[in-house]
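Residues per chain, in single letters:
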Amino acid sequence: MKISPLSGSGSYTALTFNITDYTWIFTVTAAARAVRRPPRILIPLPGEYIVQLNLLDDNGCVNSNVVDLQVLVSTTPSFVGTIESLETWQEQL
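Definitions and cut-offs
Residues numbered from 1 in each chain as written. Predicted model: local features only at pLDDT ≥ 70, side-chain atom pairs only at ≥ 80, totals over all residues. Heavy atoms only, no water. Helix = DSSP H or I, 4+ residues; strand = E, 2+ residues; numbered from the N terminus. Buried < 20%, exposed > 50% of the residue type's maximum accessible area, 1.4 Å probe, protein only. Contact = heavy atoms within 4.5 Å. Polar contact = N/O pair within 3.5 Å; in protein donor to acceptor, adjacent residues only side chain to side chain. 1 Å grid on protein atoms, 1.4 Å probe; cavity = no way out; pocket = protein on both sides within 12 Å on 5 of 7 lines; lining within 4 Å. Points joined across faces, edges and corners; volume = space filled by probe spheres on them. Nonpolar A, V, L, I, M, F, W, Y, C, P; charged D, E, K, R; others polar.

> I keep staring at unusual backbone geometry and nothing clicks. Help me out?
Most peptide bonds are trans, and most residues other than glycine sit at a negative phi. Positive phi values are uncommon outside glycine, yet Thr16 reaches one of about 75°. Tracing the backbone shows Thr16 in the loop between β1 (2-5) and β2 (19-27). When its relative accessible area of 73% is taken as the criterion, Thr16 is described as exposed.

Below, the structure is given as structure tokens:
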């Protein structure tokens, strides 16, 4: 299960206003859910998940742009059959 932290820290309002509400919309399977605020989304299976964020400021304005945030969850990598090496690669200029 992957726990992915989400943040609206890149969001901003017009001067003199402040964001008062972050509403996260998860268009994922019922197996994924958000906990805490800011949310962390718990995703039990690898795949693509879409998340949206709606904002409200203290002037009553709601964001009018809708952006699908793509969350990609990978499988756990397997290194079976590989050999550990202490050598490092160095680019020749």
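Picking up where we left off.
> In this structure, what is going on with the environment of Leu72? I would like to understand it.
By the element assignment, Leu72 lies in strand β6 (residues 69-73). Leu72 sits in the exposed class, given a relative accessible area of 60%. Along the primary structure Leu72 and Glu48 are separated by 24 residues, whereas in three dimensions their C-alpha atoms are 4.7 Å apart. Every residue in contact with Leu72, bar those within four places of it in the chain, is listed here: Gly47 and Glu48.

> Honestly, the side chain of Gln52 in this entry has me stumped. Any pointers?
Note that Gln52 resides in strand β5 (residues 47-57). Owing to a relative accessible area of 18%, Gln52 belongs among the buried residues under this scheme. A polar contact of 2.6 Å, which involves the side chain of Gln52, links it to the side chain of Asp68.

> How should the layout of surface pockets be read in this particular structure?
Over the atoms rolls a probe the size of a water molecule, and its path tells where empty space is left. There is about 410 Å³ of room inside the largest pocket. Looking at the largest pocket, it is lined by 21 residues, and the ones nearest its centre are Ser11, Leu53, Leu55, Asn63 and Asn65. Of all the elements in the fold, those that place two or more residues in the lining of the largest pocket are β2 and β5. Element by element, the count of residues in the lining of the largest pocket is highest for β5, at 6 residues. Residues belonging to the lining of the largest pocket are distributed by class as follows: 12 nonpolar, 8 polar and 1 charged.

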